[in-house]
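# Structural characterization, general
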Amino acid sequence: MRGAVIHAPGDVRLEELDHPRILHPTDAVIRTVATCVCGSDLWPYRGLEPIGDPHPMGHEYVGVVEEVGGEVTSVAPGQFVVGSFATSDNTCANCRAGWQSSCLRREFMSTCQAEYVRIPNAHGTLVATDGHPDGEFVPSLLAVSDVMGTGWYAALAAEVEPGSTAVVVGDGAVGLCGVIAAKELGAERIIAMSRHAPRQELAVEFGATEVISERGEEGIARVKELTNGIGADSVLECVGTAEAMRQALHSARPGGNVGFVGVPHEVALDGEELFFSHVGLRGGPAPVRRYLPDLIDRVLSGRINPGKVFDLTLPLEKVAEGYRAMDERRAIKALLKP
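A short tour of the structure in this document, coming up. The model shown is predicted, which means the values in this text are computed figures rather than measured ones.

### Topic: the overall build of the protein chain
- Per the secondary structure count, the protein chain includes 12 helices and 16 strands.
- Taken over C-alpha atoms, the radius of gyration comes to 19 Å for the protein chain, in line with the 20 Å a tight globule of 338 residues would show.
- Taken across its 338 residues, the protein chain has 53% of its residues classed as buried.
- When contacts within the protein chain are restricted to residue pairs at least 6 apart in sequence, those whose partners lie at least 24 apart make up 68%.
- Accessible surface for the protein chain amounts to roughly 14100 Å². Of this, 48% is attributable to carbon and sulfur atoms.

### A few points about the side chain of K333
- Take K333: it is sitting in the loop between helix 12 (319-327) and strand 16 (334-337).
- Engagement of the side chain of K333 in a polar contact is seen with the backbone oxygen of V37, the distance being 2.9 Å.
- There is a polar contact of 3.0 Å between the side chain of K333 and the side chain of E60.
- Beyond its immediate sequence surroundings of up to four residues, K333 is in contact with C36, V37, C38, E60, V147, A173, V309, F310, D311, L312 and M326.

### Focus: the packing of helix 5 (residues 147-157) against helix 6 (residues 173-184)
- Running from amino to carboxyl end, helix 5 crosses helix 6 at an angle of 55 degrees, the nearest separation of the two axes being 7 Å. Relative to helix 6, the element helix 5 is oriented oblique. Between helix 5 and helix 6 lies a crossing whose hand is right-handed. Here V147, M148, T150, G151, W152 and A155 of helix 5 come into contact with helix 6, specifically with A173, V174, C177, G178, I180, A181, A182 and E184.

### Some thoughts on the pattern of salt bridges
- Counted according to the given criterion, the structure contains 23 salt bridges.
- In this structure, the salt-bridge partner of R46 is D327, at a minimum N-O distance of 2.6 Å. You can see R46 sitting in the loop between helix 1 (42-45) and strand 4 (55-56) and its partner D327 sitting in helix 12, a full 281 residues away along the chain.
- Among the ionic pairs, R105 bridges to D89, the shortest N-O distance being 2.6 Å. Here R105, found in the loop between helix 2 (93-96) and strand 7 (116-119), pairs with D89, found in the loop between strand 6 (80-82) and helix 2; they are 16 residues apart in sequence, far enough to count as distant.

### Notes on the side chain of N121
- Looking at where N121 falls in the secondary structure, it is placed in the loop between strand 7 and helix 3 (122-125).
- Residue N121 is classed as buried on the basis of its relative accessible area, which comes to 10%.
- Among the polar contacts made by the side chain of N121, one reaches the side chain of T87 at a distance of 2.8 Å.
- Among residues more than four places away in sequence, those in contact with N121 are T26, D27, T87, S88, D89, R105 and E107.

### Here we look at the pairing of strand 7
- Residues of strand 7 alternate between two faces, with V117 and I119 buried on one and Y116 and R118 left unburied on the opposite face.
- Summarising the sheet, strand 3 (residues 28-36) and strand 7 pair through four bridges and their orientation is antiparallel. Among the inter-strand pairings, A28 is bridged to a residue of strand 7, identified as I119.

### A short note on unusual backbone geometry
- Notably, N90 is not glycine yet its phi reads approximately 65 degrees, a positive angle.
- For N90, the position within the fold is in the loop between strand 6 and helix 2.
- Looking at N90, the relative accessible area reads 27%, which means it is partly exposed.
- Here E159, not a glycine, exhibits a phi torsion of approximately 60 degrees, which is positive.
- Summarising the element assignment, E159 is placed in the loop between helix 5 and strand 9 (165-169).

### A few points about the sheet that holds strand 10 (residues 189-193)
- The six strands lie next to each other as 11-10-9-12-13-14, forming an open sheet whose pairing is parallel. Sheet topology places strand 11 (210-212) and strand 14 (280-283) at the edges, where each strand pairs with a single neighbour. Recorded for the sheet is a direction-independent mean angle of 20 degrees between the axes of neighbouring strands.
- By the bridge criterion, three bridges tie strand 10 to strand 11 in an arrangement that is parallel. The residue bridging I191 from the neighbouring strand is E210, located in strand 11.
- The sheet contacts of helix 8 (residues 216-226) involve strand 9, strand 10, strand 11 and strand 12 (232-237), and relative to strand 11 the element is tilted by about 155 degrees.
- Sheet strands in contact with helix 9 (residues 242-251) are strand 9, strand 10, strand 12, strand 13 (252-260) and strand 14, and its direction is about 145 degrees off that of strand 13.

Definitions and cut-offs
- Residues numbered from 1 in each chain as written.
- Predicted model: local features only at pLDDT ≥ 70, side-chain atom pairs only at ≥ 80, totals over all residues.
- Heavy atoms only, no water.
- Helix = DSSP H or I, 4+ residues; strand = E, 2+ residues; numbered from the N terminus.
- Rg over C-alpha atoms; globule rule 2.2 N^0.38 Å.
- Buried < 20%, exposed > 50% of the residue type's maximum accessible area, 1.4 Å probe, protein only.
- Contact = heavy atoms within 4.5 Å.
- Areas by Shrake-Rupley, 256 points an atom, 1.4 Å probe, with all protein chains shown as cover.
- Polar contact = N/O pair within 3.5 Å; in protein donor to acceptor, adjacent residues only side chain to side chain.
- Axes fitted to C-alpha atoms, helices over the stretch in contact; angles between N-to-C directions.
- Parallel < 35°, antiparallel > 145°, perpendicular 65-115°, else oblique.
- Left-handed = near helix turned anticlockwise from the far one by under 90°.
- Salt bridge = Lys/Arg side-chain N within 4 Å of Asp/Glu carboxyl O.
- Pairing = 2+ DSSP bridges.

So this is what it looks like as structure tokens:
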């Protein structure tokens, strides 16, 4: 089969790889219907994370089950399924508490930009839809496997409530999906921080009531200006840089909350500053599996359409162009069709 392999910064190639097979009775093999490039894939692509030996890429996927191991009974061959970037057995203590991305048997997916994928812990990871969805729903279901689920977690971690004011730091796919989540959870005001016109427009379409183009101290000052000098009830940090985290923490009011889902890079917190801020902080890999049934229903009922974050669709053989387009900010998110 064909799959994407990263060799070095800026060097992603489509290569012939071994067809995945069942290794454990809890595995499944799916034929991917759609996969994509994630913003977090750009960290190694830009040389900001070590690559080591050449290895496959990708952790977002929807597809059709081809084969299941002997212990997999929740899905069957022929079903269309959505999964999470973090696999889970959905039975351990952490899973039962709703933290499937900290499953004791967790494995992070990393081979999904390919025609076929082996899914560990398939019984607890994959959720089947009723029949095969129309093609128009595929992009949004793909978004649910990571960026929509992650944006949803950011909003919940930031404790967005009906009538509240939320700020979203980051205008990538996760941040834009965070706008959707904040609206669905009832925020009255949603302030999106973005300085890119197409992303600003999509943020407004998704529910942002205001857009701030400033960053850093100027961005913080604008949030304070819009909130009578107090700050926001909830802030969603969807980038992972030191600047974004500082912007998030200082945009929250005393007693407010920050949900951070951008994978941190060179982020360091001042304990005394955090102590006196009275700001709550929660983050980590999103427990997407917890939200899958609800988010799938919201997509198929037409209530949300996070698939609009895919503004570039390419055949899998052009995966390298997908990386380039996102790296150069010519695209928000690239969908790949095997």
